[in-house]
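Chain and residue survey
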Amino acid sequence: MLGLDFSQVNWNEIGTASLDTLRMLGLSALFSFILGLPIGVILYMAARSTSGWVRFGYGILSFIVNILRSIPYIILIVAMIPITKSIVGVSYGVIGTIPPLVVGAAPFFARLVETALNEVDKGVIEAAQAMGSSTRHIIFRVLLPEARPGLLAAMTITIVTLVSYTAMSGQVGGGGLGNLAIQYGYYRYDTEIMIIAVIAMIVLVQLLQMAGDRLVRRFTRK
Amino acid sequence: MIQIKQLTKQYGTGGNVTTALSGLNLSIDKGEIFGVIGHSGAGKSTLIRCINLLERPTSGEVWVGGVNLTRLGKTELQAQRRKIGMIFQHFNLLSSATVFDNIAYPLRLTKTPKAEIERKVKEMLSLVGLEAHSHKYPAQLSGGQKQRVGIARALASDPEVLLCDEATSALDPQTTDSILKLLLDINKRFNLTIVLITHEMHVIQSICDKVAVIHQGGIVEQGPVAEVFLKPQHEVTKEFIRQETDSGEALRLAIAGAASGPSRAVKITFLGTKTYESILSRIVHETGVNFAILQGTISTIKETPYGQLIVRFEGDEIATDETIKKLLEQGLDVEVIR
């Protein structure tokens, strides 16, 4: 059928590439969440501040987030090479992909966090204030728990976006399934490996989305 | 307990300022249920939110329990707010927390020991009659049950004051009555000062000791509920009471409609146990005057019975004068309408 022959496929290579992709995903998602969550909370809080200076700060932070989000990811990887080198020492391989992935995904995630927090009922926050909650209480005991389903959905979207970003990292020698698909499928016309790599990524996205949806449902109380 | 002095709240800046409250003064005593009634937009919501400084007044002072809240720093204000409970029209419960955790919220803020939280939440649950629902989430409860959780949460930190922001406006009439009964019960049991705002005269009449009528950002009339309710002075107050007693056009026609002989229309107000006595019947028997009832209400204000009758006396001038005099001697309030 279509003249494809899967018997010659080097499954070891596919296994290694899959693991690389998972490592890139895991590390970049972890750092994107660690960075993006506080930025999202800061964006949310700053937008509501009564202080003019804080709202000015919001404008600046918001602008930076928008700039980072408007740079096409493939360009971001290249533009960041010197910075990537100075952070992790190399600009290739799994480790070399992490800084651009995080810089690409964290602002995106921060915006999603801000949106999820915006969905929290204002009345509940007001009730918490009326009960004498500090800002810290409001963030950790009201905003984040109340926004949990939205935050989980935001994490799912971010991680799925990161799957396609990791594939682009393949272009600059990042390794992983995306790299495999391009190396074999595009440069060597080895369609079989490309198909397998693409299918593996589809399965990965499906699994991530399903897990995310399940978590969202588990924590939805409305 | 609560003093509000020259409270002004304006929104907006520059040439686009709207004044929600202007120079408002109010004094609320400990242990009383104080109602504020007004139309939407009259400023009542702003007023109650200024009491715990959810809204910062533009000028003026708010004193609660001898403390000037408007002078406090952030942390001191947070500490004071823990002594002021608040319940809301839309309940504002944490949807992600169980009934138990919602009620425990104010206790956890003050780092209360776990066993003490357990004990207090149980006590509150039995106070509001929700022992069986401890582990449910708010979405699984009815509106009335949610408001009970709101009340339990507000009372968990043993506040001195309870603020009710349209607490029954989202509830059906039966549930409203059960919540009002609960509030009255709590007020008696803990001698808790309750401030409530509403647009329903029924709420004021059911549980309040005193009432203030707010209109266009100022108090236009205030006093004990019976006084304000039975002898309203301001047009806005009269309007609220008319909605409750449903008089109006039909009554005006009845009063205007001439009797065959000499007649006079009067409004007789009974208060307390006199409401149920046969005073009017005895007196007309003595004076020989006939009467027609044009309108009548017998009801209660809080737990005090009252009656208000608009009657037309038919008889000669002297006999009618004598009837009115005797009614006044019995301690009834008589107002000649026509």
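Please read all numbers here as calculations on a predicted model, not as lab measurements. (Residues numbered from 1 in each chain as written. Chains lettered and ligands numbered in written order. Predicted model: local features only at pLDDT ≥ 70, side-chain atom pairs only at ≥ 80, totals over all residues. Heavy atoms only, no water.)

1. Considering the layout of surface pockets
Computed from the structure, the largest pocket encloses a volume of approximately 930 Å³. In terms of lining, the largest pocket is formed by 24 residues, of which the most central are Arg48(A), Thr50(A), Gln129(A), Thr135(A) and Lys74(B). Contributing elements (two or more residues each) for the lining of the largest pocket: helix H1 (11–47), helix H6 (122–130) and helix H7 (135–146) of chain A together with helix H2 (74–81) of chain B. Of the residues belonging to the lining of the largest pocket, the class tally is eight nonpolar, nine polar and seven charged. (1 Å grid on protein atoms, 1.4 Å probe; cavity = no way out; pocket = protein on both sides within 12 Å on 5 of 7 lines; lining within 4 Å. Points joined across faces, edges and corners; volume = space filled by probe spheres on them. Helix = DSSP H or I, 4+ residues; strand = E, 2+ residues; numbered from the N terminus. Nonpolar A, V, L, I, M, F, W, Y, C, P; charged D, E, K, R; others polar.)

2. Looking at the sheet that holds strand E14 (residues 333–336) of chain B
Sheets are built from strands paired through backbone hydrogen bonds, the pairs being either parallel or antiparallel. All names here are of chain B. Spatial ordering of the open sheet is given by E12-E13-E11-E14, a layout of four strands whose pairing is antiparallel. The sheet is open, and its two borders are formed by strand E12 (290–301) and E14, each paired with just one other strand. Between one strand and the next, the sheet's axes are offset by a mean angle of 15°, whatever the strand orientation. Pairing geometry for strand E11 (residues 263–271) and strand E13 (residues 304–314), over nine bridges, is antiparallel. Note that in E13 the partner of Val-266 across the bridge is Val-311. Against the sheet, helix H12 (residues 317–329) contacts E11, E13 and E14, and its axis sits at roughly 10° relative to E11. (Pairing = 2+ DSSP bridges. Axes fitted to C-alpha atoms, helices over the stretch in contact; angles between N-to-C directions. Contact = heavy atoms within 4.5 Å.)

3. Description of the sheet that holds strand E3 (residues 33–37) of chain B
All names here are of chain B. Across the sheet, six strands lie side by side as E6-E7-E8-E3-E9-E10; this open sheet has mixed pairing. Each of the sheet's edge strands pairs with one partner strand only, and the pair in question is strand E6 (84–88) and strand E10 (218–224). Averaged over all neighbouring strand pairs, the angle between strand axes comes to 15°, with direction disregarded. The pairing of E3 with strand E8 (residues 193–198) spans five bridges and is classified as parallel. Paired with Ile-37 across the bridge in E8 is Thr-198.

4. Description of the packing of aromatic side chains
Applying the stated criterion across every chain, the model contains four aromatic pairs over all chains. Between Tyr73(A) and Tyr165(A), the ring centres sit 4.2 Å apart and the planes meet at 5°, which makes this aromatic pair stacked. Placement of the pair is Tyr73(A) in helix H3 (residues 73–79) and Tyr165(A) in helix H8 (residues 148–169), with a sequence separation of 92 residues. Owing to a relative accessible area of 6%, Tyr73(A) belongs among the buried residues under this scheme. Each ring, one from Phe229(B) and one from Tyr306(B), has its centre 5.7 Å from the other, and the planes form 80°; the classification is edge-to-face. Of this pair, Phe229(B) sits in helix H8 (residues 225–230) while Tyr306(B) sits in strand E13, placing them 77 residues apart in sequence. A relative accessible area of 2% places Tyr306(B) in the buried class. The ring of Phe219(A) carries Arg218(A) above its face, with NZ or CZ at 4.9 Å from the centroid. The ring of Tyr137(B) has Arg221(A) sitting right over it, with the charged end atom 3.9 Å from the ring centre. (Phe/Tyr/Trp six-rings, centres within 6.5 Å; stacked < 30°, edge-to-face > 60°. Buried < 20%, exposed > 50% of the residue type's maximum accessible area, 1.4 Å probe, protein only. Lys NZ or Arg CZ within 6 Å of the ring centre and 35° of its normal.)

5. What about the UniProt feature "domain: ABC transmembrane type-1" (unreviewed entry) in chain A?
Per the UniProt entry, the sites bearing "domain: ABC transmembrane type-1" (unreviewed entry) are residues 18–211 of chain A in this numbering. Taken end to end, residues 18–211 of chain A comprises 86% helix and 0% strand; its first and last C-alpha atoms sit 19 Å apart. (UniProt positions renumbered as here; feature names shortened; annotations may be inferred.)

6. So, the nonpolar core
Among the nonpolar cores identified, the biggest contains 53 residues, and Ile103(B), Ile151(B) and Leu183(B) are the most heavily contacted of them. The element best represented in this core is helix H6 (residues 173–190) of chain B, accounting for six residues. With near-sequence residues (within four places) excluded, Leu183(B) lies in contact with Ile87(B), Ile151(B), Leu162(B), Cys164(B), Ile194(B) and Ile207(B). Counting residues in each nonpolar core, the second largest holds 39 residues, with Val120(A), Ile139(A), Leu151(A) and Ala97(B) among its members. (Core = buried A, V, L, I, M, F, W, Y, C linked by side-chain atoms within 4.5 Å.)

7. Brief notes about the domain arrangement of chain B
All names here are of chain B. Domain annotation of chain B identifies domain 1 (1–240) and domain 2 (245–334). In this structure, domain 1 and domain 2 have C-alpha centres spaced 39 Å apart. Taking both partners together, domain 1 and domain 2 bury about 940 Å²; carbon and sulfur atoms supply 55% of that area. Per-residue buried area on domain 1 facing domain 2 is highest for Gln-205, Phe-229 and Leu-230; these three make up 52% of the total on that side. In this assembly, domain 1 and domain 2 are joined by three salt bridges. Note that Glu-303 and Lys-188 form a salt bridge whose closest N and O atoms lie 3.0 Å from each other. (Domains from an automatic or database assignment. Buried area = accessible area lost by both parts, 1.4 Å probe. Salt bridge = Lys/Arg side-chain N within 4 Å of Asp/Glu carboxyl O.)

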